[in-house]
Every structure is written in structure tokens, then in C-alpha cells.
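Understanding the architecture of this molecule
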Amino acid sequence: MESSEQFLPVSRPSISEEDINAVATVLRSGWITTGPVNAELEQHFCETVGSQYAVALSSATAGMHLLLHTLDIGPGDEVITPSMTWVSTVNLIVMTGAKPIFVDVERNTLMTSARLIEPLINARTRLIVPVHFAGAALDLNPLRALAEQYSLPLVEDAAHAIGTSYRGDPIGRRGTAIFSMHPIKNITTGEGGMFCTDDEHLAERIRRLKFHGLGVDAFDRKTHGRAPQAEVLEPGFKYNLPDMNAALGIGQLSRLKAMNQRRTDLAVTYRQLLAEVDEVTPLGFPDYPFKHAWHLFIIRLDIEKACMSRDDFMTALKQRGIGTGLHFRAVHTQKYYREQMPALAGSLPNTEWNSERICSLPLFPDMDDADAHRVVTAIKSILKENKR
Ligand SMILES: *Cc1c(COP(=O)(O)O)cnc(C)c1O
């Protein structure tokens, strides 16, 4: 029975003995919240992606919240972002009182573009937040030109893009990009985010706002505690990353290249094996030079040809011991947004088409080739059985 095989999850963090020891060292050190290990992780991150400033946070969502706060976005403002994204960005926009303006995506890459965004810009537009999708890179040159032309901030949702490059430049090297270190992402700190920017003032403001609006972190190198002179410079949040989490990130980051290479090899295997399955099409690649981080391996199910819904397809894989993911159910099709913005139904054809057909297959560095074979064998058998 196939179900007696071990369950293959859609993702699993890759944790080494060194990672575990690094966390244990922090736990034994007497200082477990934000401190010297955070500073070390930020420095490693800057070196890895080539960014000038990096601020470690408790999540990428926290980074987006701080960003919206620094831009003073609120009622009457509009923020352009895809509906094909994680809900966090849109939730935050709505909670500031601003209006999310959903931009469609290209049908085969799930990424938006300057061409799709430009018609949505008006006098109320305050910010553009495109998403590097699945580990591929947005076409940044036209996006940067557009942002400059309209004097709008462009902030890249880089949650999927740790290790991605665009025209030879790592994502995060230029401009402002927010990375996630949630356990599903290419590297993890348990929960965590990294705010990378080349804007010194923005970096300073984010650093201050992440910890109560104090000018300093809790940790002071000399007193090994809070500097007594620290005082509130402006009201802030509590979005700092504990050192026990940061310790995990340092080891993860040192293995990023090897882990992404393993993801790439698995993706190549999947693409070869799936080439003969007519009912399933992987995402396409953009036509400009980029390096893929292979955060996700997403396929689209031909629901007409397969005579089966995507949800039933996912259930059938689960019954065969294989986990899948949905990245993402379009935000505007979820209950709250359907009810609040009913006029949007049908307005984003490529987003909606994909939202009903996409499915993420298992992809993580500790998977072996046999696992990828097992997934494709299961897919073939599901499709065959369904036709009988
Ligand atoms: C994971 C993810 C986020 C949020 O990251 P957190 O660290 O969990 O807050 C934001 N955007 C996208 C596209 C994501 O996949």
C-alpha cells in the first residue's frame, strides 16, 4: 500500500546538527533575545545579497507593516499589489485604512510587470509592492523606471527570493526588498524577516520602529542590558527577532547556495518527468536573464483535460501520502475580500485562471530524486484512475 510510505510534506526546513548547536549555544549564553547574534545575521545577510542595510525582524509581515507606517499610508491612499500574493500584504494595507489596488499577473509566471501596473497609477497611488514569484525574479528595470517616472516608492516582496538574481544582481542589492525566514522559505529562523534597503534613513527608521521607537536595541554591548539613556524617539512596535532565532539563520545562510542548488536539481528532475504529463504544466520562465531560487515548484492542472478540480487533485495526492500547497488562492477570492470588494470578481483574468489551477509540489533540500519520482508516479496514476 502506498499509504504505508512515509508522508512527503510539501516543504520541510533543512536543519543541521550545527544549526541545533548554534541555537543551544545562545540558549546557554544568558542572552536569548535580540543581541549580538542579530547583528551577525544582518551582516551575513548584507554580504550574501549585497545590500547596504539589513534589519532583522520577527517576520516579513512585520517588515511590511513597518514600511507602510514609515510611508504614513492611510485613508485615501492606494497601494498597488497583486492579488496573487500572500494575504499579509493586503491585510495590512486594509488595516491602515488605505485601498489595495490589485494588479493582474502574467499567465505563465504569476508575476506582475510595469506594463500591467502603469494603467492603475493615479494621484492617490502611494506605493507599489510587486512579488518575486516562486523564486524567479520580477523584471525590475521597467518597474524601477516606472516608479521613478511617477516618483513612487517600489518595495519588492522578496519572501520567495533569497538567492534569486536579476540580470546578475542578487535581489536585495538595490532598492528595498523584504525577505521572509518562515520555515517554508529557502532559509529559516523559525519565524523571521529581513528588511534590506540601500536607503540609510529608511533603514534607521525601521530599526528604531521595530523596537518600541527606542533609538537602540535592548542589547548594549558594554552593559549587557538596556542602555539606561534609551528613550522613545517616536512610538514604535515590538517586531525584533530573538537571538535564538537569528542563530539558526546564520548556519542556514551559509548553506544557502548548496540548498538552492539542491532545489534546482529537483526542479530539473520534476520538469523532465512532467514533460510527458499533458494535464500538468509547470510555471513558465521569464525571458530576461535571472537566476531561480526555486522556492516553489508550481504546476497548473488542466482541469478540463483532467476532468478534475485542483482541490480534488490535491486531496488525491494527500491520500497517496503526498502533501501539496496552494501559493496562492487569490486574495480577492477569499471571504472577507469577496464580501468587501464584490466588483473585483472576474476583473483579474490571469490571476483567477491560475488561482483555480495552481498547486505546489513537494520541494525542499532534503528530498531525494526518488521522492520526485514518487510524486510524478502518483500524479500519473491519479489522472489515469480518474479517467476510468
Ligand atoms: C511568506 C510570505 C510573506 C510573509 O512572510 P512572513 O515572514 O510569514 O511574514 C509575504 N509575502 C509572500 C509572497 C510570502 O510568500
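So, here is what we can say about the structure in this document. All figures in this text were calculated on a predicted structure; none of them were measured in a lab.

What counts as what
Residues numbered from 1 in each chain as written. Predicted model: local features only at pLDDT ≥ 70, side-chain atom pairs only at ≥ 80, totals over all residues. Heavy atoms only, no water. Helix = DSSP H or I, 4+ residues; strand = E, 2+ residues; numbered from the N terminus. Buried < 20%, exposed > 50% of the residue type's maximum accessible area, 1.4 Å probe, protein only. Contact = heavy atoms within 4.5 Å. Near = heavy atom within 4 Å. Polar contact = N/O pair within 3.5 Å; in protein donor to acceptor, adjacent residues only side chain to side chain. Areas by Shrake-Rupley, 256 points an atom, 1.4 Å probe, with all protein chains shown as cover. 1 Å grid on protein atoms, 1.4 Å probe; cavity = no way out; pocket = protein on both sides within 12 Å on 5 of 7 lines; lining within 4 Å. Sits in = over half its atoms within 2 Å of the grid points. Pairing = 2+ DSSP bridges. Core = buried A, V, L, I, M, F, W, Y, C linked by side-chain atoms within 4.5 Å. Domains from an automatic or database assignment. Axes fitted to C-alpha atoms, helices over the stretch in contact; angles between N-to-C directions. Parallel < 35°, antiparallel > 145°, perpendicular 65-115°, else oblique. Left-handed = near helix turned anticlockwise from the far one by under 90°. Nonpolar A, V, L, I, M, F, W, Y, C, P; charged D, E, K, R; others polar. Points joined across faces, edges and corners; volume = space filled by probe spheres on them.

Description of the side chain of Thr125
Looking at where Thr125 falls in the secondary structure, it is placed in strand β4 (residues 125-128). Residue classification places Thr125 among the buried positions, given a relative accessible area of 6%. Setting aside residues no more than four positions away along its own chain, Thr125 makes contact with Glu78, Ile80, Leu120 and Leu152.

Re the site of the ligand
In the neighbourhood of the ligand, 14 residues make up the surrounding shell, with Thr61, Asp157, His160, Ser180 and Lys185 lying closest. Contact distances for the ligand include 2.5 Å between an oxygen atom and a side-chain N or O atom of Thr61. A total of 380 Å² of accessible area belongs to the ligand in isolation, and the protein chains cover 92% of it. Cavity membership is defined here by more than half of the atoms lying within 2 Å of grid points; on that basis the ligand lies in the largest pocket.

Let's talk about the pairing of strand β8 (residues 176-180)
Among the five residues that make up β8, five are buried, leaving the element largely enclosed by the rest of the structure. Side chains Thr176, Ile178 and Ser180 project from β8 onto one buried face, and the interleaved Ala177 and Phe179 project onto a second face that is buried too. Where strand β5 (residues 155-157) and β8 come together, three bridges link them in parallel fashion. Its bridge partner lying in β8, Asp157 is registered against Ile178. Both β8 and strand β9 (residues 193-197) contribute to a ladder of five bridges, which runs antiparallel. Note that in β9 the partner of Phe179 across the bridge is Met194.

Points about the nonpolar core
What tends to happen in soluble globular proteins is that the nonpolar side chains get buried as a cluster. In this structure, Phe45, Phe179, Leu274, Phe313, Leu361 and Ile379 are the most contacted members of the largest nonpolar core, which totals 87 residues. Taken domain by domain, this core gets at least three of its residues from each of domain 1 (17-254) and domain 2 (256-386). Once you skip the residues sitting within four places of it in the chain, Phe45 turns out to touch Gly50, Ala54, Ile162, Phe179, Met181, Ile187, Met194, Cys196 and Leu253. In this structure, Leu68, Val129, Leu202 and Ile206 belong to the second largest nonpolar core, which totals 20 residues.

A short note on the packing of helix α11 (residues 310-319) against helix α14 (residues 369-387)
Orientation of α11 relative to α14, taken along the N-to-C sense of each, is 125°, at an axis distance of 10 Å. In terms of axis orientation, α11 runs oblique to α14. For the element pair α11 and α14, the recorded crossing hand is right-handed. Side by side, α11 and α14 meet where Phe313, Ala316 and Leu317 of the first sit next to Val375, Ala378, Ile379 and Ile382 of the second. Taken together, the residues of the contact of α11 with α14 sort by class into seven nonpolar, no polar and no charged.

Remarks on empty space enclosed by the protein
A water-sized probe, rolled over the atoms, reveals where empty space remains. Summed over the entire model, instances satisfying the criterion amount to four cavities of 30 Å³ or more. The calculated volume of the largest cavity comes to roughly 110 Å³. Around the largest cavity, the lining is made up of 16 residues, and of these Ala134, Leu283, Gly284, Phe285 and His292 lie nearest the centre. Grouping the constituent residues of the lining of the largest cavity by class yields twelve nonpolar, three polar and one charged. A domain-level breakdown of the lining of the largest cavity finds at least three residues from each of domain 1 (17-254) and domain 2 (256-386). Computed from the structure, the second largest cavity encloses a volume of approximately 60 Å³. Taken together, 15 residues line the second largest cavity, and the ones lying closest to its centre are Pro13, Ser14, Lys185, Asn186 and Arg263. The residue makeup of the lining of the second largest cavity, split by class, is seven nonpolar, five polar and three charged. Two domains each put at least three residues into the lining of the second largest cavity: domain 1 (17-254) and domain 2 (256-386).

Description of the pairing of β9
The buried count for β9 comes to five of five residues, which makes it a mostly enclosed element. The side-chain alternation of β9 yields two buried faces, one formed by Gly193, Phe195 and Thr197 and the other by Met194 and Cys196. With five bridges connecting them, strand β1 (residues 53-57) and β9 associate as antiparallel partners. When the sheet's bridge partners are listed, Val55 is paired in β9 with Phe195.

Comments concerning the sheet that holds strand β7 (residues 169-170)
In spatial order, the strands read β7-β6-β11; together these three strands make up an open sheet with antiparallel pairing. With partners counted over all chains shown, the strands left at the sheet margins are β7 and β11 (290-291), one partner each.

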